[in-house]
Amino acid sequence: REVAAAKYDLNYIGLDGSIGCMVNGAGLAMATMDIIQLKGGSPANFLDVGGGANEEQVQKAFEILNSDPQVTAILVNIFGGIMRCDIIAQGIINAAKVIGMEKPIIIRLQGTNVEAAKTLITESGIKMILADDLEQAAEKAVSVADIVKTAEQLDIKVKFETM
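Every value quoted in this text rests on a predicted model; they were computed, and no experiment measured them. Residue positions within a chain follow its written sequence, with the count starting from 1. It should be noted that, the model being predicted, local features are given only for residues of pLDDT at least 70 and side-chain atom pairs only at 80 or more, the latter also being counted only at that level, while totals for whole chains, interfaces and linings use all residues. Based on all heavy atoms of the structure, the side-chain values leave hydrogens and waters out of the count.

**With respect to the overall build of the protein chain**
So, step 1. Runs of E in the DSSP output that reach at least two residues are strands. Runs of H or I that reach at least four are helices, and both are numbered from the N terminus. Looking only at helices and strands, the protein chain has six helices and six strands in total.
So, step 2. If you list the helices and strands of the protein chain from N to C, you get α-β-β-α-β-α-β-α-β-α-β-α.
So, step 3. The C-alpha radius of gyration of the protein chain comes to 14 Å, within 12% of the 15 Å expected for a compact globule of 163 residues.
So, step 4. Along the three orthogonal principal directions, the C-alpha set of the protein chain runs to about 45 × 30 × 30 Å.
So, step 5. Of all 163 residues assigned to the protein chain, the portion counted as buried reaches 50%.
So, step 6. In what follows, a contact means two residues having at least one pair of non-hydrogen atoms within 4.5 Å. Across the protein chain, the fraction of contacts at a sequence separation of at least 24, relative to all contacts at a separation of at least 6, is 78%. Only C-alpha atoms enter the radius of gyration, while the globule expectation follows 2.2 Å times N to the 0.38, with N the number of residues. Under the scheme applied here, a residue whose accessible area is under 20% of the maximum for its type counts as buried, over 50% as exposed, and between as partly exposed, the area being computed with a 1.4 Å probe on protein chains only.

**Topic: the layout of surface pockets**
So, step 1. The pocket and cavity definitions rest on a 1 Å grid over protein atoms only: a 1.4 Å probe that fits but cannot leave marks a cavity, an open set with protein on both sides within 12 Å along at least five of seven lines marks a pocket, and residues lining either have an atom within 4 Å of a point. Grid points are joined across faces, edges and corners, and a volume is the space filled by probe spheres set on the points. What the largest pocket holds in volume is close to 530 Å³.
So, step 2. Lining the largest pocket are 24 residues, and of these Val-71, Thr-72, Val-148, Glu-152 and Val-158 sit closest to its centre.
So, step 3. A per-element tally of the lining of the largest pocket places helix α6 (residues 134–153) first, with six residues.
So, step 4. Of the residues that constitute the lining of the largest pocket, the class distribution is ten nonpolar, six polar and eight charged. Put simply, Ala, Val, Leu, Ile, Met, Phe, Trp, Tyr, Cys and Pro go in the nonpolar bin, Asp, Glu, Lys and Arg in the charged bin, and everything else, Gly too, in the polar bin.

**Comments concerning the pairing of strand β2 (residues 19–23)**
So, step 1. Burial within β2 is extensive, with five of its five residues counted as buried.
So, step 2. Across the two faces of β2 the burial is the same, with Ile-19, Cys-21 and Val-23 and Gly-20 and Met-22 all buried.
So, step 3. Paired strands, in this sense, are two strands between which DSSP finds at least two bridges. Bridging between β2 and strand β4 (residues 73–80) involves five bridges; their strand directions are parallel. The partner of Cys-21 across the bridge, within β4, is Leu-75.
So, step 4. Pairing of β2 with strand β3 (residues 45–48) involves two bridges; the strand directions are parallel. Each bridged residue has a counterpart across the sheet, and for Met-22 the counterpart in β3 is Leu-47.
So, step 5. If the strands point away from the viewer and the path from the first strand over the helix to the second runs clockwise, then the crossover is right-handed. One crossover worth recording links β2 to the parallel β3 by way of helix α2 (residues 26–38), and it is right-handed.

**Observations regarding a nonpolar patch on the surface**
So, step 1. A patch consists of residues whose relative accessible area exceeds 30% and which take part in no salt bridge; residues with like charges are grouped when within 9 Å of each other, and nonpolar side chains (Val, Leu, Ile, Met, Phe, Trp, Tyr) when within 5 Å. Each accessible area value is a Shrake-Rupley result obtained with a 1.4 Å probe; residue values ignore everything except the protein chains displayed when judging cover. We define a salt bridge as a contact between a side-chain nitrogen of Lys or Arg and a carboxyl oxygen of Asp or Glu at a distance within 4 Å. Among the surface-exposed residues, Ile-147, Leu-154, Ile-156 and Val-158 lie close enough to one another that they form a single nonpolar patch of about 350 Å² accessible area.
So, step 2. Along the chain, Val-158 falls in the segment after α6.
So, step 3. A relative accessible area of 33% means that Val-158 is categorised as partly exposed.

**Describing the nonpolar core**
One recurring pattern in soluble globular proteins: nonpolar side chains tend to sit buried together.
So, step 1. By nonpolar core is meant a set of buried Ala, Val, Leu, Ile, Met, Phe, Trp, Tyr and Cys residues that side-chain atoms within 4.5 Å join together. Membership of the largest hydrophobic core comes to 35 residues, with the highest contact counts inside it found for Met-22, Phe-62, Val-76 and Ile-88.
So, step 2. Of all the secondary-structure elements, those providing two or more residues to this core are α3 (55–67), β4, α4 (85–100), β5 (105–111) and α5 (114–123).
So, step 3. Of the residues forming this core, the biggest block, eight residues, is contributed by α4.
So, step 4. Leaving out residues up to four positions away in the same chain, Ile-88 has contacts with Met-22, Val-49, Val-58, Val-76, Ile-78, Met-83 and Leu-109.

**Side note on the sheet that holds β2**
So, step 1. Judged by pairing direction, the sheet is mixed, and its six strands sit side by side in the order β1-β3-β2-β4-β5-β6 without closing on themselves. Each edge of the open sheet carries a strand with a single partner, namely β1 (11–14) and β6 (129–131). Here the average twist between neighbouring strands, direction ignored, is 15°.
So, step 2. Judged from the four bridges that link them, β1 and β3 form a sheet pairing that is antiparallel. Within the sheet, the bridge partner assigned to Ile-13 lies in β3 and is Phe-46. Under this scheme, a helix contributes an axis fitted over its contacting stretch, all axes are lines through C-alpha atoms, and angles between N-to-C directions fall in the 0 to 180 degree range.

Quick look at the structure:
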């Protein structure tokens with residue numbers, strides 16, 4: 001996964017948790033991983049798309065996260081200063097349509113073009129969980145990951161439908 005990420009100028013470090021993280025910026029990545037742990041979860045990776053990611057890079061990031069068997073939920077935490085939230089949203093939507101996302105996606109966006117991004121997500125027809133702040137996003141991601149973990153312990157298969 002690290003090699004695949006590097007081909008698209010994405011920074012990826014695999015960890016041993018179950019919540020896949022896509023963020024922009026190392027500081028935001030660290031904060032995201034910390035709050036996931038504070039809420040009782042465990043991050044599966046550090047995936048930084050940087051400040052100037054395009055839709056293709058976002059799609060590749062999702063391909064990497066979606067292909068990781070230990071990832072049970074994906075938390076997107078983007079602060080759109082340089083990075084426009086609508087670009088991230090369109091990349092997420094494209095990825096979901098092209099690769100058929102099978103994992104629940106929790107999204108926290110803040111900053112440039114955030115309202116346009118939320119509209120794109122809401123009108124996409126793809127089921128994604130929007131959160132207003134990082135704490136709420138982490139709580140939702142941990143809750144979803146816990147559902148999957150509990151189901152696995154009971155030998156029950158859980159499927160999340162995104163369409």
